[in-house]
Amino acid sequence: METKEETNQTEALKGPRNRKLTVVVDAAALYYLPPTEPNVDAHTALTRDDGFENRFGDRNKSFETEVYLNYKMKWDIEAADKNGVDKDFRVQLHSVYHNPVSGNPNFFDSELILSKDNGKTVEATVVNAPILPDLEENYTIYFRITYSNISRYFPLDPKLKINPPHSK
């Protein structure tokens, strides 16, 4: 696994592109716990399209994905053990919400981006970001775990960072 610094260097070499973040949920365990940050951190993992990951127990708040102006950001979700302990639990993305606080620009057209495909993915195009180096967006992914037709909702709070265009 690459370090954060190695990954950032690799990112710069790949150039602008669509990005994807997969949320992996230990659904059978998390379903029964309160939706607190430590519980969500302990029972979720994040994996970017470049293979960089945040494992179960790592702080999701410090996980960052570089995005590019006019390119798509896609979030998807899956159960950690869909054929084992998680097989009776359904995980779905509900929405991605921009946290509108001072100094936190919205990178998208809307503050609330809803899932449009029955909770499999949420997708948006990065359009409203000022071009400033090291600019981060604080946003929250809301997902649900359903068991026996009863859903419980959980927040997940990673970061997005604009990769400024390179001068030619």
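S.K.: Explain the sheet that holds strand β2 (residues 44-48) to me, please; I cannot follow it from the model alone.
M.R.: By definition, the strands of a sheet pair up through backbone hydrogen bonds, in either a parallel or an antiparallel sense. Read from one edge of the open sheet, five strands run β3-β2-β1-β5-β8, paired in mixed fashion. On the outer flanks of this sheet lie β3 (53-54) and β8 (121-125), each paired with one strand and no other.

S.K.: Before we go on, may I ask you to explain the side chain of arginine 19 in this structure?
M.R.: With respect to the element layout, arginine 19 can be found in strand β1 (residues 19-25). Assessed through its relative accessible area of 2%, arginine 19 is described here as buried. For arginine 19, the side chain forms a polar contact with the main-chain oxygen of glutamate 66, separated by 2.8 Å.

S.K.: Just to check I follow, could you spell out the pattern of salt bridges for this structure?
M.R.: A side chain of one charge can pair with a side chain of the opposite charge if their charged atoms are brought near each other. Going through the model one piece at a time under the given rule, you end up with eight salt bridges. Between arginine 48 and aspartate 50 there is a salt bridge; the shortest N-O distance is 3.0 Å. Taking the relative accessible area as the measure of exposure, arginine 48 reaches 6% and is therefore buried. Linking glutamate 123 and lysine 72 is a salt bridge whose minimum nitrogen-to-oxygen distance equals 3.6 Å. Separated by 51 residues along the polypeptide, glutamate 123 in strand β8 and lysine 72 in strand β5 (residues 72-79) bring together distant segments of the chain. Judged by relative accessible area, lysine 72 falls into the partly exposed class, the value being 37%. Three or more residues joined by partner-sharing salt bridges are found here, namely Arg19, Arg48, Asp49 and Asp50.

S.K.: What's the story with the nonpolar core in this structure? I'm lost.
M.R.: Generally speaking, soluble globular proteins have nonpolar side chains that are buried together. Within the largest apolar cluster, 35 residues are counted, with the highest numbers of intra-cluster contacts made by Val25, Trp75, Phe108, Ile141, Phe143 and Ile145. Listing elements by their share of this core, those giving two or more residues are β1, α2 (27-30), β5, β6 (90-98), β8, β9 (136-147), β10 (150-156) and β11 (159-162).

S.K.: What exactly am I supposed to notice about the pairing of β6 here?
M.R.: A regular strand places its side chains on the two faces of the sheet in alternate fashion. When β6 meets β9, the two strands line up antiparallel, connected through eight bridges. Opposite tyrosine 97, over in β9, you have threonine 140 as the bridge partner.

S.K.: So what exactly am I meant to see when it comes to the packing of aromatic side chains here?
M.R.: Here a ring pair, both rings aromatic, is described through the centre-centre distance and the interplanar angle of the planes. Tallying each qualifying case throughout the model produces eleven aromatic pairs. Ring centres of tryptophan 75 and phenylalanine 108 lie 5.9 Å apart, and the angle between their planes is 70 degrees; this geometry places the pair in the edge-to-face category. Remark: phenylalanine 108 occurs in the loop between β6 and β7 (112-114) and tryptophan 75 occurs in strand β5; sequence separation between them is 33 residues. Grouping residues by exposure puts tryptophan 75 and phenylalanine 108 together as buried. Ring centres of tryptophan 75 and tyrosine 139 lie 5.6 Å apart, and the angle between their planes is 55 degrees; on these two criteria the pair is classed as tilted. Linking tryptophan 75 in strand β5 with tyrosine 139 in strand β9, this pair joins segments that are 64 residues apart in sequence. Residue classification places tryptophan 75 among the buried residues on the basis of a relative accessible area of 0%.

What counts and how
- Residues numbered from 1 in each chain as written.
- Predicted model: local features only at pLDDT ≥ 70, side-chain atom pairs only at ≥ 80, totals over all residues.
- Heavy atoms only, no water.
- Pairing = 2+ DSSP bridges.
- Helix = DSSP H or I, 4+ residues; strand = E, 2+ residues; numbered from the N terminus.
- Buried < 20%, exposed > 50% of the residue type's maximum accessible area, 1.4 Å probe, protein only.
- Polar contact = N/O pair within 3.5 Å; in protein donor to acceptor, adjacent residues only side chain to side chain.
- Salt bridge = Lys/Arg side-chain N within 4 Å of Asp/Glu carboxyl O.
- Core = buried A, V, L, I, M, F, W, Y, C linked by side-chain atoms within 4.5 Å.
- Phe/Tyr/Trp six-rings, centres within 6.5 Å; stacked < 30°, edge-to-face > 60°.

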